[in-house]
Amino acid sequence: MQSSGHRFRDVEHHPLLAENDSYDSSSSEADMAERVWFIRDGCGMVCAIMTWLLVVYADFVVTFVMLLPSKDFWYSVINGVLFNCLAVLALSSHLRTMLTDPGAVPKGNATKEYMDNLQLKPGEVIYKCPKCCSIKPERAHHCSICKRCIRKMDHHCPWVNNCVGEKNQRFFVLFTMYIALISAHALILCGFQFFSCVRGQWTECSDFSPPVTVILMIFLCLEGFLFLTFTAVMFGTQIHSICNDETEIERLKSEKPTWERRLRWEGMKSVFGGQPSLLWINPFAGFRIRQILLRAKKGGPEFSV
């Protein structure tokens, strides 16, 4: 449809709105800021719960099967503290990824009042997503599961029950990194434990019976190997995408960049924020418990998908 002074098109991409443009005049975005972000997708919620259960299972086997029965006190303490700290960081990163708005464009903001506030020049073209009736910024793509357009959408990940986009990519990268680290740590501990049990003829290597110990450790090895392979590859592709300022969707669609690319360290700083520091690997940075509680009381879930 057309309006005076500019053209309005229902298409998927547009070159007009930059990725950092704000929607200060949009009441829908102000309302969105008062709500907790959570996608009510059955498959995603099952995958997210499975992720937590698998991490808890790994922690149980490492703590109660391998470390507590060990006669080496400092070996148990050091590895127990290290593994549990990595597990907490991994699950915290998972929560931040799942509960952080990935960069959703306000739904239904393609109104005449909003377009008038954009102060467009005559002849300029703006584009509307026909699925969620929102004006699409540059590099935004529509997610059929979230039912929203997401800024710099990389992909929708069922394991975190959310899209990976402009505002939560950092937490997703940390999640893959910490899962890869605890998986590698678990595999190393399994190797030492098998060696210790074989050398001691399975008499005092665990408080569980030898068959139960073997089954628990075999499952942990399989889990660790699969998780290490998957998350290490995902971590590498995410870092590559950030350093090349190109999302996975843009790479798969072979989209030619119409934006000024932020390469290597500039791309890393734009995602992780500021100069390199320990805050880059801290999933708790910027977390405000009081603000989350206030949002939960005011608005409830953002989505009911």
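Note that this is a predicted model, so its numbers are computed, not measured. (Residues numbered from 1 in each chain as written. Predicted model: local features only at pLDDT ≥ 70, side-chain atom pairs only at ≥ 80, totals over all residues. Heavy atoms only, no water.)

**Q** A description of the nonpolar core should follow, citing residues and the corresponding values.
**A** Of all hydrophobic cores here, the largest spans 35 residues; its most connected members are V62, M66, F172, I179, L220 and F272. Elements with a minimum of two residues in this core: helix 2 (42–67), helix 3 (73–99), helix 5 (169–199), helix 6 (210–244) and helix 8 (265–272). Per element, the largest residue contribution to this core is ten residues, and it comes from helix 5. Setting aside its immediate chain neighbours within four residues, F272 contacts R170, V173, L174, I242 and W280. (Core = buried A, V, L, I, M, F, W, Y, C linked by side-chain atoms within 4.5 Å. Buried < 20%, exposed > 50% of the residue type's maximum accessible area, 1.4 Å probe, protein only. Helix = DSSP H or I, 4+ residues; strand = E, 2+ residues; numbered from the N terminus. Contact = heavy atoms within 4.5 Å.)

**Q** Give a description of the UniProt feature "transmembrane region" (unreviewed entry) in the protein chain that names residues and reports values.
**A** UniProt's entry tags residues 42–67, 73–91, 171–194 and 214–235 with the feature "transmembrane region" (unreviewed entry), counted in the numbering of this structure. Counted over residues 42–67, helix gives 100% and strand 0%. Its end C-alpha atoms are 36 Å apart. As a span, residues 171–194 carries 100% helix and 0% strand, and end to end its C-alpha atoms are 34 Å apart. (UniProt positions renumbered as here; feature names shortened; annotations may be inferred.)

**Q** So what about the packing of aromatic side chains? Which residues, and what values?
**A** Within this structure, the stated rule accounts for six aromatic pairs. Each ring, one from F60 and one from F64, has its centre 5.4 Å from the other, and the planes form 35°; the classification is tilted. With a gap of four residues between them, F60 and F64 both fall in helix 2, about one helical turn apart. Of the residues examined, F64 reaches a relative accessible area of 42% and is grouped as partly exposed. Relative to W280, the ring of W265 lies with its centre 5.9 Å away and its plane at 40°, an arrangement referred to as tilted. With W265 in helix 8 and W280 in the loop between helix 8 and helix 9 (289–298), the pair connects residues that are 15 residues apart, well separated along the chain. Among the residues examined, W265 registers a relative accessible area of 52% and is labelled exposed. Pairwise contacts between aromatic rings join F60, F64 and F208 into one cluster. (Phe/Tyr/Trp six-rings, centres within 6.5 Å; stacked < 30°, edge-to-face > 60°.)

**Q** Explain the packing of helix 6 against helix 8 to me, and be specific about the residues and the numbers.
**A** Orientation of helix 6 relative to helix 8, taken along the N-to-C sense of each, is 110°, at an axis distance of 6 Å. On the basis of their axis angle, the class for helix 6 and helix 8 is roughly perpendicular. In this structure, helix 6 contributes I239, I242 and C243 to the contact, and helix 8 contributes G267, M268, V271 and F272. Of the residues that constitute the contact of helix 6 with helix 8, the class distribution is six nonpolar, one polar and no charged. (Axes fitted to C-alpha atoms, helices over the stretch in contact; angles between N-to-C directions. Parallel < 35°, antiparallel > 145°, perpendicular 65-115°, else oblique. Nonpolar A, V, L, I, M, F, W, Y, C, P; charged D, E, K, R; others polar.)

**Q** Give a description of the pattern of salt bridges that names residues and reports values.
**A** As enumerated under the stated definition, the model contains five salt bridges in all. One salt bridge in this structure joins D245 and R139, with 3.0 Å as the shortest N-O distance. In this pair, D245 sits in the loop between helix 6 and helix 7 (248–252) while R139 sits in the loop between strand 4 (134–135) and strand 5 (140–143), placing the two residues 106 residues apart along the sequence. Taking relative accessible area as the criterion, D245 reaches 8% and is therefore assigned buried. Put simply, R251 and E248 hold a salt bridge, and the shortest N to O gap is 2.5 Å. Within this pair, R251 and its partner E248 are both found in helix 7, separated by three residues, close to a single helical turn. A single network of salt bridges, built from pairs that share partners, joins R139, K152, D245 and E250. (Salt bridge = Lys/Arg side-chain N within 4 Å of Asp/Glu carboxyl O.)

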